[in-house]
Amino acid sequence: MADFQVPEYREYPGAPIPLQEGATAHLKPFLAKPNHQEQLGFPGELVENWEEKAIAKMGDLLNRYRSLRVYMDACVKCGSCTDKCHYFQGTADPKNMPVARQDLMRSVYRRYFTLAGKYFPKLVGARDMTREVLDEWYSYFHQCSQCRRCSVFCPYGIDTAEISMAAREIMDSIGYGQKYCNEILGKLQTIGNNLGLPGKALESTLGEFEEEIEEDTGLPVKIPIDKVGADILLITPSADFFAEPHIDGLMGYAKVFHEAGVNWTLSSYASEAANFSMFIGSYDNLKVVAERIRKAALDLGVKRIIVGECGHAWRVAYSFWNTTAGIGSGGDEPYAQALQKQLDHNYPIPQHICEFIWDLIQKGKLRFDKSQTDWRTVTFHDSCNVARGSRMGNYPGGQFDIPRNVIKAVCNNYYDMDPDTIKEKTYCCGGGGGLLTDDLMEIRVKGALPRMEALNEVVKDHGVTHLAAICAICKAQFAKILPYYKFPMDMIVSTHQLVSEALVMTGSTQEEELDEE
């Protein structure tokens, strides 16, 4: 199945021994084509004077983001981060140690932006920006999923994710971008979702889902789209429209909305929660995508915005929508001000779907038959961007508790994985940060090793049969990766798939059967 060696489970997880220098130097994603670059405002191909432009762009980022300069200067090589990266553990390549990945940029920074590096480069490990260095950047900065686990353990809080984002932004600015992210962003900005799925096709797909729900429940549950005057706009990843287990989660949302009696809609103009602009460090493009959601909310006249199961999308919504598009607060543009007046500030802006349903559960507005999920024994994967880049609820740690509370409300059989592999210490699925592409399958499989080890332990100890997640990328990654580690592909489930199975809808065939008992 693989043309590379799948890592074996280790007796004592941790730093790999021996090191294998250059083990993944050959791995790199496909380069973006000129039209992929130009759609996003980047040069179509590597510019002639790329060395000077790369350094100029680095200088621009250093001046704009004080944090980046701090990250370049603060590292003392203490070693706290070295074994915290899932890619380093899975590949044994020393350049996948967070500190070594940082040094790929730090060495260039020292050469051009520090006095010692300008005059005594060899003494301080400073390097010129050469083609060899550029190619090294392109390989290893695309072996970072920007999960930020290393930053949890760094005593100075150095964020390797921000450094990787900066490196990718520099490469894009000189015409050396990645095909996967940039091609998808082009579709998103022109059509409205990552799949390039036009409105009519989306309507047809949703109609099929409605038929499936009615066949299952006996109820005419609707999945409305472009409904002017709806109270709630659902922004969900486009994976929810086409693949398992994502679509089961979408149908779960629809059933909950129906049972709660809320007036909601999707938007064909903004039919995507994902925003890969964050992965390439481009806040300009991030703003363009966020403004599509703002326009959809204004055009439809909604009062609330709820975000579906997508990890990085929730981080973007939680951390960047306000400053980039004025969704919720911030922004002095007329459109931002208009939306702030339109939205109902009695609810979180934005609100995660897990927050929405947990509120309903606490108020006793939903009825569940947990026996419907008794055939499953479930564990939960904390997605990186939710765990370390956002929050849910009104207290620290809500992003850990609320999804688990929802699962426990619908499942009798639940067990957490090892405490050192979950919550703020969670391991990445291995496919985040713009790496969910088949040309990087080797790094995806090897990077999944720590999560698969933790999963394997809970399977052995508690008989876990299913892994739940609230991230589209995690679900897509696990569906591909689980078979490499001898687990069934359908072991991964959407959290709202579990909700859907246990929900007892008023007037449904399931309710009638329960009442007869």
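Residues numbered from 1 in each chain as written. Predicted model: local features only at pLDDT ≥ 70, side-chain atom pairs only at ≥ 80, totals over all residues. Heavy atoms only, no water.

1. Some thoughts on the domain arrangement of the chain
Here is the rule we go by: The split of the chain into domains comes from an automatic or database domain assignment. In short, buried area is how much 1.4 Å probe accessible area vanishes from two parts on joining, totalled over both.
Assigned domains of the chain: these are domain 1 (34–177), domain 2 (192–354) and domain 3 (366–502). Just the C-alpha atoms count here: the centres of domain 1 and domain 3 sit 30 Å apart. Both sides together, the interface formed by domain 1 and domain 3 hides about 1,500 Å², and carbon and sulfur atoms give 60% of it. When the area that domain 1 buries against domain 3 is broken down by residue, the three leading residues are H86, Y87 and R149, summing to 34%.

2. Some thoughts on the packing of aromatic side chains
Basically, it comes down to this: Pairs were defined over the aromatic rings of Phe, Tyr and Trp, the Trp ring being its six-membered one, requiring ring centres within 6.5 Å. Orientation was assigned from the angle between planes: stacked under 30 degrees, edge-to-face over 60, tilted for the rest. Burial status follows relative accessibility: with a 1.4 Å probe on protein chains alone, a residue under 20% of its type maximum counts as buried, one over 50% as exposed, and anything between as partly exposed. Counted as over-ring charges are cases with an Arg CZ or a Lys NZ within 6 Å of the ring centre that also lie within 35 degrees of the ring normal.
Summed over all chains, the structure comprises twelve aromatic pairs. Between W137 and F141, the ring centres sit 5.6 Å apart and the planes meet at 85 degrees, which makes this aromatic pair edge-to-face. Residue F141 is classed as buried on the basis of its relative accessible area, which comes to 0%. Its end group placed over the ring of Y269, R292 keeps NZ or CZ at 3.9 Å from the ring centre. Between K295 and the ring centre of Y269, over which it is positioned, the NZ or CZ distance is 5.1 Å.

3. Things to note about the pattern of salt bridges
Our working rule: Here a salt bridge means any side-chain nitrogen of Lys or Arg lying within 4 Å of a carboxyl oxygen belonging to Asp or Glu. The way it works is that DSSP assigns letters per residue, a run of H or I at least four long becomes a helix, a run of E at least two long becomes a strand, and they are numbered from the N terminus.
Scanning the model with the defined rule gives 31 salt bridges in all. D60 is the partner of R64 in a salt bridge, and the nearest nitrogen-oxygen pair spans 2.9 Å. Of the two residues, R64 and D60 are both situated in helix α2 (residues 50–64); the distance of four residues between them amounts to about one turn of the helix. R64 sits in the partly exposed class, given a relative accessible area of 40%. The class of D60 is partly exposed, set by a relative accessible area of 29%. Between E333 and R294 there is a salt bridge, with its nearest N and O atoms 3.7 Å apart. Here R294 lies in helix α13 (residues 283–300) and E333 lies in the loop between α15 (321–325) and α16 (334–342), a separation of 39 residues in the sequence. What makes R294 buried here is its relative accessible area of 5%. It is possible to trace a salt-bridge network through shared partners that takes in K57, D60, R64 and E169.

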